[in-house]
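Notes for the structure review
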Amino acid sequence: MAPTLRRITAIVPLHLAVLAGRNGLDRQVRWVAVSELEDPTPFLEGGELVLTTGMRLSAGDAVPYVSRLVARGVTGLGFGVGLSHEAVPPGFAEAAEAAGLPLVEVPRDTPFIAIGKAVSDLLAGEQYEEISRAFAAQGRLTRAALQREGPVAVVDRLAREIGGWALLLDPSGAVRHAADATGRRAGPAGTRGAAADWAGETARSLEPEIARLRNAPSLSSLALATPDEHVVVQPLGRRGFFAVGSPRPFAPIAHTVVNAAGSLLTLALEQGREQRSAAAHVRSAVLRLLLAGEARAAAETLSALGMRLPREPVTVLACDTPDPEALTEALTGAAPHSTGGRRTAAAGAHEAKGAPAAGTTSRAVPPCFTAHWEGLLVVLAPDSCADEVVALAARHGRVGVSAPGVEIAASARVDNRVESRPESRLESLAEMRAEAWDDRAADRAADRAPDRAPDHAPDRALHRVLDRALDRALDQARRALVSASPVARFSELAGRGLLSLIDPAAAASFAAAILAPLREYGSRADLVESLRAYLASNGHWDAAAQRLGVHRHTLRYRMKRVSELLGRDLDDPAVRAELWIALCL
């Protein structure tokens, strides 16, 4: 902050006397300008203390001269006496008082350069203090980043440093954490729900700006201003965004503090990449264990990472997304701290009580299990929140959804050999246990071994039923993904009853063989997707071309090429049906 004129006139060695405009002494002096011109305003920017000896000025020039200075935004006028004028002409004092412009008498013994040096020293001192404050703020932000919940602590500290609010957002723009140092956004009772409400509303209001930053060819930030608020939004690499707001304009030093916080947040989020990658490999291994029937080993592996399998029946999602890591964070509810692992204790405690954590949206979904599988991200979502999970996943790409009701946690409980089981759970597994008894014949010889307990045979057979259920659900989700735009549910697919009767391995071989000529065709045109759009539109050229975003003549050429490569007539209903089944597998 620049020094005020009051502070400058209080410097005793300068011997300055205020003659008029005392009410304006608290204005800031940005620089000192010495001029003997009758109109110096073309060479001024505003905010200066103008010094003159009045060499070319007379009493009659007072009003127009002062008026021009006021119009230019000059802070004050210093009139040197003892050279051209023995005293300040009364007309200048009267004009300055009438215009509200501070008028200062500069004695003959005070050189103008001494005033310039004094102002320069004050400006340098102010800048040094600002830089010192900025360094101190950066130090506090750095110490916050070193805490266990690094990004959360940085956001909290940043809000206090700027005297405003701060939001940490994930790549989709959803709120990870929010902090407010103004005390105006916490609601009448200061409830966490109120905090989540204002954070969610603010994030939604910033969605257009987030979309602009997300689609920008290079990383950049943007600033917004309203009559009541000033906002800065910055990307955190490709890991998300953060936004800060203040009722006051951001000074250059404040921008420095915000930029420092952005760098620390980016570093903290990126540092956890290796841990997140390792966790992703573990989750993929857990999914393989589940599909292989090793539910207990899968549960124990997850517990080492502070995670667990869903405790209720699940729906399986197959997600095709360009950023699986961002979707994983959104679906697992990972807390944004430097290790990239577990959720915050506060968030967990609140979720245990059924309330949303502070700094999150009020419609946050429970954590889901996610794992990479053959180029896709597989999600096991509790049935109770499957719709919310599907909606969230659809913001990140295409989603195929299985039929609901897949028992995952039940398989783990079988391995744990719990002696006392709730009757409600036993009843819910009654039908699968009956099917398991039908499979007991396959294990009968092994069950006769003296070291095996016959009573455990139904549990082992039950494992196979549960494992097949998960495998079938995963296959359903992958089939639905073929038609997803952006979401498709297996239960809504036409002909799903017929497809469910086909052996998955044989069906996959059939589909690969029949579509191989199209996949191997050396052209930039995607003949498989073109065929899919053509069949999905029942052979209507205009509808299919619009769906693909190409001209109908281009589509006609592609379908002619498809017919030639496959050696089949696309006008034959049987051929169309066969090709559609192949595309759905």
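Residues numbered from 1 in each chain as written. Predicted model: local features only at pLDDT ≥ 70, side-chain atom pairs only at ≥ 80, totals over all residues. Heavy atoms only, no water.

**Some points on helix 11 (residues 324-332)**
Helix 11 sits mainly inside the fold: seven of its nine residues count as buried. By the burial criterion, the buried members of helix 11 are Ala-326, Leu-327, Thr-328, Glu-329, Ala-330, Leu-331 and Thr-332. (Buried < 20%, exposed > 50% of the residue type's maximum accessible area, 1.4 Å probe, protein only. Helix = DSSP H or I, 4+ residues; strand = E, 2+ residues; numbered from the N terminus.)

**Notes on the packing of aromatic side chains**
The tally for this structure, following the rule as stated, stands at four aromatic pairs. Ring centres of Tyr-534 and Trp-541 lie 4.9 Å apart, and the angle between their planes is 35°; on these two criteria the pair is classed as tilted. The exposure class assigned to Tyr-534 is buried, which follows from its relative accessible area of 3%. Each residue in the set Tyr-65, Phe-79 and Phe-92 is aromatic and connected to the rest through ring pairs, giving one cluster. (Phe/Tyr/Trp six-rings, centres within 6.5 Å; stacked < 30°, edge-to-face > 60°.)

**Points about the sheet that holds strand 10 (residues 241-246)**
Strand order in this open sheet of five strands is 7-6-10-9-8, and the pairing throughout is antiparallel. The sheet terminates laterally at strand 7 (175-180) and strand 8 (222-225), the two strands that pair on one side only. If you compare each strand with its neighbour and ignore which way they point, the axes differ by 15° on average. Here strand 6 (residues 165-169) pairs with strand 10 via five bridges, running antiparallel. Considered in strand 10, the bridge of Leu-167 is made with Ala-243. Packing of helix 7 (residues 207-215) onto the sheet brings it into contact with strand 6, strand 8, strand 9 (230-235) and strand 10, and relative to strand 8 it is tilted by some 160°. (Pairing = 2+ DSSP bridges. Axes fitted to C-alpha atoms, helices over the stretch in contact; angles between N-to-C directions. Contact = heavy atoms within 4.5 Å.)

**A look at the side chain of Thr-370**
With respect to the element layout, Thr-370 can be found in strand 12 (residues 369-373). Not counting chain neighbours up to four residues away, the residues in contact with Thr-370 comprise Arg-283, Thr-328, Leu-331, Thr-332, Leu-377, Val-378 and Val-379.

**Let's talk about the nonpolar core**
Counting 28 residues, the largest nonpolar core has Leu-290, Val-316, Phe-369, Val-378, Leu-380, Ile-408 and Leu-470 as the members making the most contacts within it. If you list the elements that add at least two residues to this core, you get helix 9 (273-291), helix 10 (295-304), strand 11 (314-320), strand 12, strand 13 (376-382) and helix 18 (457-482). Considering each element in turn, this core owes the most residues, six residues, to helix 18. Not counting residues up to four positions away in its chain, the partners in contact with Val-316 are Val-378, Val-379, Leu-380, Gly-400, Val-401, Ser-402, Leu-470, Ala-473, Leu-474 and Ala-477. If you look at the next biggest cluster of nonpolar residues, it comprises 25 residues, including Ala-153, Val-154, Ala-179 and Leu-265. (Core = buried A, V, L, I, M, F, W, Y, C linked by side-chain atoms within 4.5 Å.)

**Quick look at the environment of Ala-153**
Checked against the element boundaries, Ala-153 lands in helix 5 (residues 150-162). Residue Ala-153 is classed as buried on the basis of its relative accessible area, which comes to 10%. With residues near it in sequence (within four places) discarded, Ala-153 still touches Ala-144 and Gln-147.

**Some thoughts on the packing of helix 11 against helix 13 (residues 386-394)**
Where helix 11 meets helix 13, the axes come as close as 10 Å, and the angle between the chain directions of the two elements is 155°. In terms of their interaxial angle, helix 11 and helix 13 are classed as roughly antiparallel. Judged by the sense of rotation from one axis to the other, the crossing of helix 11 with helix 13 is right-handed. Across the interface between the two elements, Leu-327, Ala-330 and Leu-331 from helix 11 touch Val-389, Leu-392 and Ala-393 from helix 13. In terms of residue class, the contact of helix 11 with helix 13 is made up of six nonpolar, no polar and no charged. (Parallel < 35°, antiparallel > 145°, perpendicular 65-115°, else oblique. Left-handed = near helix turned anticlockwise from the far one by under 90°. Nonpolar A, V, L, I, M, F, W, Y, C, P; charged D, E, K, R; others polar.)

**Remarks on the environment of Leu-219**
Considering the arrangement of structural elements, one finds Leu-219 in the loop between helix 7 and strand 8. A sequence separation of 19 residues divides Leu-219 from Arg-238, and the C-alpha atoms of the two residues are 8.8 Å apart. Ignoring sequence-local partners within four residues, the contact set of Leu-219 consists of Pro-235, Gly-237 and Arg-238.

**Re the pattern of salt bridges**
Summed over all chains, the structure comprises 17 salt bridges. Linking Arg-479 and Asp-475 is a salt bridge whose minimum nitrogen-to-oxygen distance equals 2.9 Å. In this pair, Arg-479 and Asp-475 are both assigned in helix 18, four residues apart and thus about one turn of the helix distant. Judged by its relative accessible area of 23%, Asp-475 is partly exposed. Here Asp-542 ties to Arg-552 by a salt bridge, and the two come within 3.9 Å at their closest N and O atoms. Here Arg-552 lies in helix 23 (residues 552-566) and Asp-542 lies in helix 22 (residues 541-548), a separation of ten residues in the sequence. Relative accessible area serves as the criterion here: at 52%, Asp-542 is assigned to the exposed category. When its relative accessible area of 38% is taken as the criterion, Arg-552 is described as partly exposed. Salt bridges linked by common partners bring Arg-140, Arg-157 and Glu-161 together as one network. (Salt bridge = Lys/Arg side-chain N within 4 Å of Asp/Glu carboxyl O.)

**Digging into helix 5**
A rise of 1.5 Å per residue sets the reference length of helix 5, with its 13 residues, at 18 Å; its end C-alpha atoms lie 18 Å apart and thus fit the reference within 8%. Gly-163 sits one or two residues past helix 5 and shows a positive phi near 65°. (Expected span 1.5 Å × (residues − 1).)

**Focus on the confidence of the model for the protein chain**
Fine structural detail should not be taken from predicted coordinates in areas where pLDDT scores are low. Overall, the prediction assigns the protein chain a mean pLDDT of 78, with 78% of residues at 70 or greater. When pLDDT is averaged over each helix and strand of the protein chain, the minimum, 34, is found for helix 12 (residues 345-352) and the maximum, 95, for strand 5 (residues 103-106). Counted against residues more than four places away or in other chains, residues 186-192, with its pLDDT under 50, gives six contacts. Low confidence marks residues 334-363, where pLDDT is under 50. Its contacts with residues over four positions away, or in another chain, come to 57 contacts. (pLDDT = per-residue confidence, 0-100.)

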